[in-house]
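Working through the structure, step by step
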Amino acid sequence: MSTLFISDLHLCSGRPRSNRSFFDFLEREARSARALYILGDLFEYWAGDDDLGDPFNATVVAALARLVASGVPTYLMHGNRDFVIGNAFARASGVTLLPDPTLFDLDGQAVLLMHGDTLCTLDLEYQAFRREARSQTWISALLHQPLAERKAAVEALRRRSEQEKRGKPAEIMDVAPAEVEAVLRRHGYPRLIHGHTHRPARHVHLVDGRACERWVLADWYQGGSYLACDASGCRAVQLSAN
Ligand code: MN
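First, a word on scope: everything that follows refers to the structure included in this document. (Residues numbered from 1 in each chain as written. Predicted model: local features only at pLDDT ≥ 70, side-chain atom pairs only at ≥ 80, totals over all residues. Heavy atoms only, no water.)

1. What about the sheet that holds strand β7 (residues 191-194)?
As summarised here, the arrangement of the five strands in space is β5-β6-β7-β9-β8, forming an open sheet in which the pairing is mixed. At either margin of the open sheet sits one strand with a lone partner, and together these are β5 (102-106) and β8 (201-207). Strand-to-strand twist of the sheet, defined as the mean angle between neighbouring strand axes without regard to direction, takes the value 25°. Strand direction decides the pairing type here: β8 and strand β9 (residues 210-216), joined by seven bridges, are antiparallel. In the strand pairing of β9, Leu206 is matched with Ala211. Here helix α7 (residues 177-186) sits on the sheet and contacts β6 (109-113), β7, β8 and β9; the angle it forms with β8, its principal contact strand, is near 70°. (Pairing = 2+ DSSP bridges. Helix = DSSP H or I, 4+ residues; strand = E, 2+ residues; numbered from the N terminus. Axes fitted to C-alpha atoms, helices over the stretch in contact; angles between N-to-C directions. Contact = heavy atoms within 4.5 Å.)

If you want it as structure tokens, here you go:
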């Protein structure tokens, strides 16, 4: 049995093709998995758990709950778009929230899971924003706004970040190799799996003479894709477009 990893689905009601790929994936491939790990940016944005009543959000939560009820443990890590997903979401969907980073043993191999944004240390502007936005003060100030205002604020933030991204050189938007090496060293040279950069690939980093595999997950803008890992290793699988 394989353990499956996905990220950067960016689900929102306005992207029906990605949504259908995701719902199909939960009903098919994910059903025979040993576990499913969602490594951030499941949603295009998440304004707060009081938005669970939104019809689209309720559909996603119900689909996750069906997978969990079928016996597939499902884990969710925050991305930079949905980091205010909280305990009410976890209770409603049955998923287990994971801290970023999470190190665990998979078939005797140490695997480190991250969303990936903390690896992009060359983007100083983003890292400064991240430090501020992940503070309890910032999050509780956000969650104290009425839901409608909050959705507008998060939407504006999202548009601003899209705009800023366009002005940034490509290498700044990718992981910083030195940071990847530091993280691999700090965690004992594991296999690293992350998303965020939307640059799916398998890299091998030689750190202190140790070869460490780094898998970057694909986004779901053009259909879906997942990483399947078992004792023999990992492979990226592209879902056929429908
Ligand atoms: Mn991201």
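2. Brief notes about the packing of helix α1 (residues 16-27) against helix α2 (residues 55-69)
For the pair α1 and α2, interaxial distance at closest approach is 9 Å and the crossing angle is 20°. Here α1 lies roughly parallel to α2, going by the angle between them. Our pair here, α1 against α2, has a crossing hand that is left-handed. In contact with Asn19, Phe22, Phe23, Leu26 and Glu27 of α1, α2 contributes Phe56, Thr59, Val60, Ala63, Leu64, Arg66 and Leu67. In terms of residue class, the contact of α1 with α2 is made up of eight nonpolar, two polar and two charged. (Parallel < 35°, antiparallel > 145°, perpendicular 65-115°, else oblique. Left-handed = near helix turned anticlockwise from the far one by under 90°. Nonpolar A, V, L, I, M, F, W, Y, C, P; charged D, E, K, R; others polar.)

Nothing here speaks to function; it is all geometry.
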